[in-house]
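Report on the structure
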Amino acid sequence: MRLRPAHELLDEDHGSPAEIRQSLRELWWINQRLGGLSSWRRLLAVWQAAQPAATRALTLLDVGAGTGEMAAAIAAELGRRGFVVRAWALDRRQSHLGAAAAGGAPDRLVADAQRLPFACASVDVVTCNLFLHHFHDAPADPAASRLLREMTRVARRAVLINDLERAWIPYAFIRLLSRRFSRITRHDGPRSVAQAYTARELGHLAAALPGWRCQILRLWPYRLGLVLERDARHAG
Ligand SMILES: C[S@@+](CC[C@H](N)C(=O)[O-])C[C@H]1O[C@@H](n2cnc3c(N)ncnc32)[C@H](O)[C@@H]1O
């Protein structure tokens, strides 16, 4: 399927506050029922298998976090795996971060993912969910590479990415399913698949990061996982 870059309404906050809240609720439903949470369990298991057992305290930053519910779920999953986690959910829209009923952990932070307000190698694990597909490299503006460089700049141990895979089957499925959803999700859902990466494209993007070992996972249903681990030989 050909890549079709597009603007997504939620990203631009194109809707009333009630519409935005509804779309974020639907996104959380999709994350819960259609592979978001299960993909994270797989990604975390693959990453954890390569970790020394002794390092249990962990800081986590989720970028493009929306409501922060996924950051909370990832932190909780790490907690079940024996880690003691301090987590931040970062989004450029205060309105998104404030849209979920639950306050408290993770800490919410309003900022641009391309200019993270963190020092180099200051957060153990940097994640993003349904976010990378919003960024593509163009000759005049290598936005996706810049985002990955910024995430790896801040990450001390790993960058973990969970996103859609571009293919006709999920595209057709989400078009059908989107009829049940509100205006913003109906618009954004199919466009998200159409501008998602293929495994091969994701591999190319990650291969350009010196000092990081990369593993790509195919996850149910039509999700891709990217595990980037700092190569000990390059660690400062
Ligand atoms: C599709 S939503 C995904 C939200 C969340 N990760 C999830 O899975 O539910 C994309 C989010 O990225 C945020 N976003 C877009 N561009 C951003 C940027 N440059 N910096 C920080 N957040 C950004 C949007 O505000 C939106 O909340």
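Use the structure listed above.
Nothing here was measured: the structure is a model prediction, and the numbers come from that model.

Rules used in this analysis
- Residues numbered from 1 in each chain as written.
- Predicted model: local features only at pLDDT ≥ 70, side-chain atom pairs only at ≥ 80, totals over all residues.
- Heavy atoms only, no water.
- Pairing = 2+ DSSP bridges.
- Helix = DSSP H or I, 4+ residues; strand = E, 2+ residues; numbered from the N terminus.
- Axes fitted to C-alpha atoms, helices over the stretch in contact; angles between N-to-C directions.
- Contact = heavy atoms within 4.5 Å.
- Buried < 20%, exposed > 50% of the residue type's maximum accessible area, 1.4 Å probe, protein only.
- Arc of directions from axis to C-beta.
- Salt bridge = Lys/Arg side-chain N within 4 Å of Asp/Glu carboxyl O.
- Near = heavy atom within 4 Å.
- Polar contact = N/O pair within 3.5 Å; in protein donor to acceptor, adjacent residues only side chain to side chain.
- Areas by Shrake-Rupley, 256 points an atom, 1.4 Å probe, with all protein chains shown as cover.
- Nonpolar A, V, L, I, M, F, W, Y, C, P; charged D, E, K, R; others polar.

**A look at the sheet that holds strand β3 (residues 107-110)**
The strand order across the open sheet built from 7 strands is β3-β2-β1-β4-β7-β9-β8, with neighbouring strands paired in mixed fashion. One side of each edge strand has no neighbouring strand; the edge strands of this open sheet are β3 and β8 (212-219). For this sheet, the mean angle separating the axes of adjacent strands, direction not counted, is 20°. Where strand β7 (residues 155-164) meets strand β9 (residues 223-230), 7 bridges bridge the pair, whose relative direction is antiparallel. Each bridged residue has a counterpart across the sheet, and for L160 the counterpart in β9 is V227. Against the sheet, helix α6 (residues 143-154) touches β1 (57-63), β4 (123-129), β7, β8 and β9, its axis set at about 140° to β7.

**Notes on the pairing of β4**
When you tally the buried positions in β4, you get 7 out of 7 residues, the bulk of the element. Where β4 and β7 come together, 6 bridges link them in parallel fashion. By the bridge assignment, V126 is partnered in β7 with V159.

**So, helix α7 (residues 168-178)**
An α-helical turn contains 3.6 residues, so any two residues separated by three or four positions project in the same direction. Residues P170, Y171, I174, L177 and S178 constitute the buried set of α7. The buried residues of α7 occupy an angular sector of 135° when the element is viewed end-on, so they sit on one face. Away from the buried face of α7 by more than 90 degrees, exposed residues W168, I169 and L176 are located.

**A few points about the pattern of salt bridges**
This model, assessed by the stated rule, comprises 10 salt bridges. Two residues, E19 and R183, come together in a salt bridge whose shortest N-O distance is 2.9 Å. Taken together, the residues E19 in helix α2 (residues 17-33) and R183 in helix α8 (residues 183-194) connect sequence positions 164 residues apart. Its relative accessible area of 27% is what places E19 among the partly exposed residues. Among the charged side chains, a salt-bridge network with shared partners connects E77, R80 and R81.

**Side note on the site of the ligand**
The full set close to the ligand counts 17 residues, and G64, D91, H96, A113 and N129 are the nearest of them. Take D91: an N or O atom from its side chain is 2.7 Å from an oxygen atom of the ligand. Notes on the ligand: free accessible area 600 Å², of which the protein chains cover 96%. Looking at the shell around the ligand residue by residue, the classes come out as 6 nonpolar, 6 polar and 5 charged.

Everything listed is a geometric property; what it means functionally is a separate question.
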